[in-house]
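Below, each chain spelled out in residue letters.
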Number of protein chains: 2
Amino acid sequence: QMPRGNLETVHHRALVLAQIRKWLDRLMFREAFQCMRKLRINLNLLYDHNPKVFLENTETFIRQIDSVNYINLFFTELKEEDFTKSMYPSVNGSSNTQPRQHSDQKKVNLICDVLRVAMEHIDPQKYCLSILTAHVKKSPPELEIALQKVHDLRESVTPDIKAVSAEEALKYLLFLVDVNELYEYSLGTYDFDLVIMVAEKSQKDPKEYLPFLNTLQKMETNYQRYTIDRHLKRYTKALGHLSKCGPEHFSEFLNLVKDQNLYGEALKLYPSSTQEYKDISDAYGEYLIQKQLYEQAALVFARAGIFAKALDAFQSSGSWQQALCMASRLGYTQDKLSSLARSMAGKLVEQRRHAEAAILLEQYSQDYEEAVLLLLEGALWEEALRLIHKYGRLDILETNLKPAILEAQKNQLIFLDSQKTAFLRYKSRLQVVRELKEKACESLQDYDMPNCPELELFSETSSIVTASDMNSRYSHSNSRISARSSKNRRKAERKKYSLKEGSPFEDIALLEVLGENVRAVESVKGDIHILLKQLVLFGYDEQAGALQQVLEEVLQLMETSVPEIWTPDLHQSSVDLVLGPNSTANSIMAAYQQKRMMPPVVQDPDILTPPKFSKNLQWKLHLLQ
Amino acid sequence: QMPRGNLETVHHRALVLAQIRKWLDRLMFREAFQCMRKLRINLNLLYDHNPKVFLENTETFIRQIDSVNYINLFFTELKEEDFTKSMYPSVNGSSNTQPRQHSDQKKVNLICDVLRVAMEHIDPQKYCLSILTAHVKKSPPELEIALQKVHDLRESVTPDIKAVSAEEALKYLLFLVDVNELYEYSLGTYDFDLVIMVAEKSQKDPKEYLPFLNTLQKMETNYQRYTIDRHLKRYTKALGHLSKCGPEHFSEFLNLVKDQNLYGEALKLYPSSTQEYKDISDAYGEYLIQKQLYEQAALVFARAGIFAKALDAFQSSGSWQQALCMASRLGYTQDKLSSLARSMAGKLVEQRRHAEAAILLEQYSQDYEEAVLLLLEGALWEEALRLIHKYGRLDILETNLKPAILEAQKNQLIFLDSQKTAFLRYKSRLQVVRELKEKACESLQDYDMPNCPELELFSETSSIVTASDMNSRYSHSNSRISARSSKNRRKAERKKYSLKEGSPFEDIALLEVLGENVRAVESVKGDIHILLKQLVLFGYDEQAGALQQVLEEVLQLMETSVPEIWTPDLHQSSVDLVLGPNSTANSIMAAYQQKRMMPPVVQDPDILTPPKFSKNLQWKLHLLQ
């Protein structure tokens with residue numbers, strides 16, 4: 001990039017750049033340009049030096065340069081890169097620190113557009129080739145517009161002296177762009193004269209392209225354009241043209257839509273009242289069902305009036321309310337509606353959505369008794385009570401409700417006990433593991449070791465059950481708990497750290513499972529509060545008192561254990577300690593080593609964060625204190 | 001604690017302790033005891049040396065010591081403290097490291113109980129005074145039991161030689177316990193002979209206590225005991241006795257219950273079918289209402305059959321289902337039920353519980369039209385659709401539903417735009433504040449300063465709005481959003497860090513409010529997903545597409561900004577960097593200074609944690625892509 005070696009033309013780069021900057025600041029573009037061209041300084045600097053000033057003075061720039069060739073030269077040298085940062089960094093560094101104003105727009109495209117507008121304003125005939133360059137230089141290149149302009153030149157009859165001929169312009173375009181690409185784009189203008197003009201300039205054999213063009217020319221305009229679009233893989237445009245070819249081409253249309261998954265585009269081409277709209281929706285819905293997007297499929301069916309399919313799809317997606325709407329549209333009889341409701345209720349219960357299932361049974365199957373049973377199964381006591389009273393069936397209180405709340409009380413006690421047992425075991429095992437680790441580290445004075453070889457150190461035999469053992473030890477029949485524990489089980493399957501004794505990150509695994517214990521108990525507070533109220537309402541003060549006491553004890557155990565388990569140094573930087581006034585080089589190193597023992601392997605910071613206890617919920621009953 | 005200074009009796013403490021330990025390990029308690037007594041070694045060591053062994057060999061201990069005085073000496077020296085840890089730490093430290101087995105029980109009480117059982121087993125007569133000591137030494141002291149035993153001695157006619165007289169035993173008790181205290185306790189045995197016996201030993205004037213005792217003795221037994229209990233402030237016992245005094249004393253009973261807030265205890269004394277139970281419940285309920293525990297008050301009323309009061313209290317607590325149950329119990333007419341439902345629905349709407357309000361209006365006021373309007377207000381589109389179809393009122397789709405979803409779309413767009421604007425402003429301000437802080441720190445080379453004097457440094461004038469400005473700028477009519485923003489407003493009121501420009505922790509405040517921006521947008525994803533489906537169902541693809549695109553853009557903006565805002569060094573310990581192989585004393589100090597700039601003041605680590613984006617919810621519709 002240095003100028004050639006004639007002594008008299010050697011210039012000091014910094015001085016030259018300083019001069020150029022001065023010119024640019026004074027809007028003396030011509031002087032700057034000529035100097036840069038002569039000394040081979042990258043022309044991007046014309047813009048990069050001060051983008052804002054350049055963009056505000058594009059017409060001045062064009063008028064000063066005043067040369068199609070020079071402007072084209074500038075265009076061809078344009079790059080996205082900011083040359084004030086890479087090749088020509090400013091000495092004092094302060095000139096160009098303001099952020100780019102048009103940072104969201106690409107630099108090259110921006111310059112092409114503003115210069116083109118300036119040239120079109122000053123003299124479109126004169127700058128014809130530069131305007132073409134501006135179109136071609138953009139990314140993606142606007143070849144169609146460029147071709148259209150060439151085509152317009154042919155049509156224009158004004159024999160202007162300055163004007164460039166279509167022939168010349170095309171030649172210039174071919175110099176910029178690959179001929180085969182240009183041929184394809186010319187096809188896209190649907191202008192056969194232009195196509196032939198380009199084809200003639202290319203090396204193509206007329207025997208090859210003429211028959212194809214002849215076939216096209218015989219077609220009806222829309223179908224012809226569709227065929228070209230399809231040839232050029234412009235499927236959306238192709239659909240637009242094909243849709244205008246009349247109903248006899250609709251099956252071809254629909255096949256193209258299916259082939260290219262262009263359902264959304266296709267739907268825009270027909271009013272929603274037409275049969276075509278319905279047919280496209282039908283195909284779209286089937287496609288969405290294949291992709292298992294049942295609800296969206298149902299929406300597509302529904303708005304096209306294909307209610308039967310919509311009903312099925314809504315049912316598959318669990319949108320029972322929408323399914324009922326479809327049934328209403330289909331004019332279902334009471335009987336049919338009832339059995340639909342019953343079947344959907346069954347599925348909702350599988351997903352533990354008891355409240356919704358109960359609505360279905362009560363309001364659509366007229367089976368409030370079954371609804372009450374579902375509500376009891378879902379531990380939705382108040383709603384169950386409401387239905388019992390609404391239908392004046394107080395006998396259900398004795399036969400079902402009271403037994404259900406007593407059963408729930410027992411299950412909660414079992415659950416709390418199992419959580420407490422697990423928590424205590426894991427907690428004491430954590431103590432053991434930590435002590436072993438500390439001892440192991442103390443005995444390892446070799447600081448070069450990257451990590452303590454924990455794997456072999458902790459294989460002693462104090463007994464501890466694994467998480468899955470603990471989970472399988474108790475089983476719940478009460479719905480909410482089961483839902484939770486099955487969720488926990490799934491969670492347990494994707495655990496990263498092994499609870500196996502002596503596994504390298506057993507302490508992390510223990511922290512994880514202890515956190516889960518706490519969260520499990522925390523999450524049950526609300527349910528227990530609601531249950532306590534029911535127990536009290538029906539005079540089971542003793543059972544309620546026992547449950548309240550156990551929960552209180554377990555919560556207290558966990559709360560007081562939190563600082564022992566999630567020790568403050570676990571998470572927080574202990575830099576202050578390490579680098580305190582009494583620190584020595586050795587103490588810093590030792591702290592550093594200790595630090596390396598634990599945190600780097602933990603990707604999920606939640607494990608190291610103590611679980612939170614919500615103090616907002618006043619779950620305890622005054623009655624039972 | 002050193003033995004007196006006769007030369008021949010100076011013993012080396014460590015040797016002595018070693019010998020005592022040996023004796024204790026061999027269960028030679030007498031030798032150990034005598035040696036310890038002689039050399040004034042604290043007798044607690046007898047137990048603390050090995051609690052398990054001691055507790056398993058209490059009878060051996062008693063038989064070996066074989067002296068009431070020595071056993072009493074041991075009792076009086078007992079303290080909760082573990083002397084192997086405080087006064088006599090073991091040399092090798094390994095002897096007593098196993099955790100206490102009965103850690104939940106107090107040491108002194110435990111020893112008192114096991115030794116007493118042993119003595120009662122061996123010879124209750126002989127060890128009579130030691131047994132009394134065991135009762136008195138417990139905390140709280142079991143004075144009543146001790147007095148009862150003294151009383152029993154008087155009654156017993158067996159003239160055993162070894163036996164201690166009641167007189168002697170009482171004398172001994174008075175030596176252990178304050179006489180006035182003992183007098184009160186003797187009253188509590190309801191045994192007037194015993195009371196007089198104790199009173200005679202005291203300095204009390206018989207003119208003082210005899211009239212009181214005479215009055216008592218004239219009373220009916222239960223009322224007498226009640227009077228004593230009340231005198232001794234044993235209110236629960238007092239209630240028990242008073243409840244047996246017949247209905248003429250019930251108002252006295254109820255007053256005592258109210259005075260002492262002993263409702264729970266009082267209820268246990270009467271079967272739930274009695275009028276007394278009802279009266280107590282009535283008083284209890286009123287008390288709970290005063291404490292604003294409306295729901296619990298309602299439960300108390302309800303189970304006592306006071307349904308009218310229960311209904312009011314359930315209504316006050318928002319338990320509309322239970323309120324309906326009470327209305328049913330009270331035999332409300334259809335009209336009365338309907339107006340109750342309407343009034344409760346109004347309150348539920350105020351709490352933004354539209355779904356429940358709609359159930360009330362549909363099922364109890366037979367006003368499904370109003371129910372649909374409430375559901376639309378609550379953005380519960382599917383439920384609204386269900387009711388519209390259930391009652392075959394498709395005209396509401398045009399008149400209300402479609403306008404409502406279009407309105408919701410507009411509100412969501414406004415909300416997203418406001419969040420985006422705020423986010424961008426806060427983000428760029430954060431950049432500025434951080435740069436200023438960095439510069440300020442670089443220029444402060446004086447390491448003795450405890451913290452950078454940030455207060456004065458950042459008062460320049462780049463404009464930024466405060467959180468409350470941003471919040472008030474847009475107002476929502478869509479319910480879910482309003483509920484959320486009012487919550488945010490409350491949250492904003494208790495902000496710890498000020499967003500005011502130049503405030504010392506402006507950067508923390510910015511982090512906090514940026515996190516809130518992100519969470520606000522995150523939380524709206526689900527609502528927008530549901531809204532998009534409705535928009536598509538009714539053919540508003542364009543509006544749906546616009547909303548989907550805006551949300552996507554805002555989410556993307558936030559996600560890409562997270563690493564810039566919550567930089568990794570913000571939270572994680574940068575110990576590794578600081579103490580890397582290239583660190584020098586200066587670099588460590590510099591890092592230490594930098595660290596001190598920010599984290600120590602942040603109590604809530606959540607502010608420093610980047611907000612999470614849930615990837616689970618597939619909120620985007622395929623239709624709109």
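Only a predicted model underlies this, so the values are computations on that prediction, with no experimental measurement involved. (Residues numbered from 1 in each chain as written. Chains lettered and ligands numbered in written order. Predicted model: local features only at pLDDT ≥ 70, side-chain atom pairs only at ≥ 80, totals over all residues. Heavy atoms only, no water.)

### Structural notes on the relation of the copies chain A and chain B
Let me state the cut-off plainly: Least-squares fitting of one copy onto the other uses the C-alpha atoms of those residues that reach a pLDDT of at least 70 in both copies.
For the pair chain A and chain B, the superposition axis carries a translation of 0.1 Å, the fit reaches an RMSD of 0.3 Å, and the rotation angle comes to 180°. In the structure described here, the two chain copies are related by an operation that fits a two-fold rotation axis.

### What about unusual backbone geometry?
All names here are of chain A. What counts here: Only DSSP runs of H or I with at least four residues qualify as helices, and only runs of E with at least two residues qualify as strands; both kinds are numbered from the N terminus onward.
Put simply, Ser139 and Pro140 share a cis peptide bond, and its omega is -5°. Within the fold, Pro140 resides in the loop between helix H8 (128-137) and helix H9 (143-155). Positioned with a positive phi, Gln292 is a non-glycine residue whose angle comes to about 60°. Within the secondary structure, Gln292 is located in the loop between helix H18 (275-290) and helix H19 (294-303).

### Thoughts on the interface of chain A and chain B
As a reminder, the rule being used: Here, two residues are considered to be in contact whenever any of their heavy atoms come within 4.5 Å of each other. By convention, the term buried area covers the 1.4 Å-probe accessible surface removed from two parts as they join, with the contributions of both added. The rule for a salt bridge is simple: a side-chain nitrogen of Lys or Arg has to be within 4 Å of a carboxyl oxygen of Asp or Glu. The definition of a polar contact used here is a pair of N or O atoms within 3.5 Å, where within protein one atom must be able to donate a hydrogen and the other to accept one, and adjacent residues in sequence count solely through side-chain atom pairs.
With 50 residues of chain A at the interface, the matching set in chain B holds 49 residues. Taken together, the two surfaces of chain A and chain B that pack against each other cover about 4800 Å², and 56% of this comes from carbon and sulfur. Ranking the residues of chain A by area buried against chain B places Arg303(A), Arg386(A) and His622(A) at the top, with a combined share of 13%. The interface formed by chain A and chain B holds four salt bridges in total. Between Arg303(A) and Asp541(B) there is a salt bridge, and its shortest N-O distance comes to 2.6 Å. Scanning the region where chain A abuts chain B turns up 24 residue pairs in polar contact (both at pLDDT 80 or more). Every element with two or more residues in the side of chain A that touches chain B is listed here: H18, H19, helix H21 (320-329), helix H23 (354-363), helix H25 (381-390), helix H30 (506-537), helix H33 (575-578) and helix H34 (585-597) of chain A.

### Section: the packing of H9(A) against helix H12 (residues 192-201) of chain A
In a packed pair of helices, the relevant descriptors are the angle between the two axes and the axis-to-axis distance. Residue and element names in this part refer to chain A. This is how it is decided: Helix axes are fitted only over the stretch in contact, all axes being lines through C-alpha atoms; the angle between N-to-C directions runs from 0 to 180 degrees. The labels follow the angle: roughly parallel below 35 degrees, roughly antiparallel above 145, roughly perpendicular from 65 to 115, and oblique for the rest. Residues are grouped as follows: Ala, Val, Leu, Ile, Met, Phe, Trp, Tyr, Cys and Pro are nonpolar; Asp, Glu, Lys and Arg are charged; all remaining types, including Gly, are polar.
It is the contact of H9 with H12, at a shortest axis distance of 10 Å, that shows an interaxial angle of 105°. Comparing their axes, H12 and H9 come out roughly perpendicular. Of H12, the residues touching H9 (which contributes Leu147, Val150, His151 and Arg154) are Asp193, Leu194, Met197 and Val198. The class makeup of the residues in the contact of H9 with H12 is five nonpolar, one polar and two charged.

### Brief notes about the pattern of salt bridges
It is possible for side chains of opposite charge to pair when their charged atoms get near one another. All names here are of chain A. Operational definition: Throughout, exposure labels follow a simple rule: accessible area from a 1.4 Å probe, protein chains only, divided by the maximum for the residue type, with under 20% read as buried, over 50% as exposed, and the rest as partly exposed.
Taken as a whole and assessed by the stated rule, the structure comprises 55 salt bridges over all chains. Arg116 is the salt-bridge partner of Glu120, the closest N and O atoms lying 3.4 Å from each other. Remark: Arg116 and Glu120 occur in helix H7 (residues 107-122); sequence separation between them is four residues, near one turn of the helix. The exposure class of Glu120 is partly exposed, given its relative accessible area of 28%. Ionic pairing is found between Glu552 and Lys620, a salt bridge with its closest N-O pair at 2.8 Å. On the criterion of sequence distance, the pair formed by Glu552 in helix H31 (residues 541-565) and Lys620 in the segment after H34 is long-range, its members being 68 residues apart. Linked by salt bridges that have partners in common, Asp113, Arg116, Glu120, Lys138, Glu142 and Lys149 make up one network.

### Comments concerning the environment of Ser165(A)
Residues and elements named next belong to chain A. Examined against the element boundaries, Ser165 turns out to sit in the loop between H9 and helix H10 (166-176). Using a relative accessible area of 33% as the deciding quantity, one classes Ser165 as partly exposed. Along the primary structure Ser165 and Gln224 are separated by 59 residues, whereas in three dimensions their C-alpha atoms are 29 Å apart.

### Concerning the packing of aromatic side chains
Threshold: We call Phe, Tyr and Trp rings a pair once their centres come within 6.5 Å, taking the six-membered ring for Trp, and we label the pair stacked below 30 degrees between planes, edge-to-face above 60, and tilted otherwise. In this scheme, the term charge over a ring applies when either NZ of a lysine or CZ of an arginine sits within 6 Å of the ring centre and within 35 degrees of the ring normal.
Applying the stated criterion across every chain yields a total of 36 aromatic pairs over all chains. Ring geometry for Tyr172(B) and Phe175(B): centres 6.0 Å apart, planes at 35°, overall tilted. Here Tyr172(B) and its partner Phe175(B) are both found in helix H10 (residues 166-176), three residues apart, which amounts to about one turn of the helix. Residue class for Tyr172(B) comes out buried when judged on its relative accessible area of 14%. You can call Phe175(B) exposed: its relative accessible area is 66%. Geometrically, the ring pair formed by Phe253(B) and Tyr270(B) is edge-to-face, given 5.4 Å between the ring centres and 90° between the ring planes. Within this pair, whereas Phe253(B) is found in helix H16 (residues 250-260), its partner Tyr270(B) is found in the loop between helix H17 (263-268) and helix H18 (275-290), the two being separated by 17 residues in sequence. Within the aromatic cluster, the residues linked to one another by ring pairs are Phe29(A), Tyr47(A), Phe54(A), Phe61(A), Phe74(A) and Phe75(A). Between Lys390(A) and the ring centre of Tyr364(B), over which it is positioned, the NZ or CZ distance is 5.7 Å.

### Points about H7(A)
For clarity, the cut-off: Under the convention used throughout, the expected extent of a helix is 1.5 Å for every residue step, that is, one less than its residue count.
In a regular helix each residue adds 1.5 Å, so 16 residues correspond to 22 Å; H7(A) covers 23 Å between its end C-alpha atoms and thus fits that length. Against helix H3 (45-48), helix H4 (51-56), helix H5 (58-65), helix H6 (68-77) and H8 of chain A lie the buried residues of H7(A).

### A word on the confidence of the model for chain A
Residue and element names in this part refer to chain A. Basically, it comes down to this: A residue's pLDDT is the confidence the predictor assigns to it, expressed on a 0 to 100 scale.
Looking at chain A, the pLDDT average stands at 82 and 80% of residues meet or exceed 70. pLDDT under 50 marks residues 448-486. Its contacts with residues more than four places away, or in other chains, come to 81 contacts. This model gives residues 595-601 a pLDDT under 50, and the stretch forms 22 contacts once residues within four places in sequence are excluded.

### Quick notes on the side chain of Gln321(B)
Along the chain, Gln321(B) turns up in helix H21 (residues 320-329). Here Gln321(B) falls in the buried class, since its relative accessible area comes to 11%. Not counting residues up to four positions away in its chain, the partners in contact with Gln321(B) are Glu382(A), Glu383(A) and Arg386(A).

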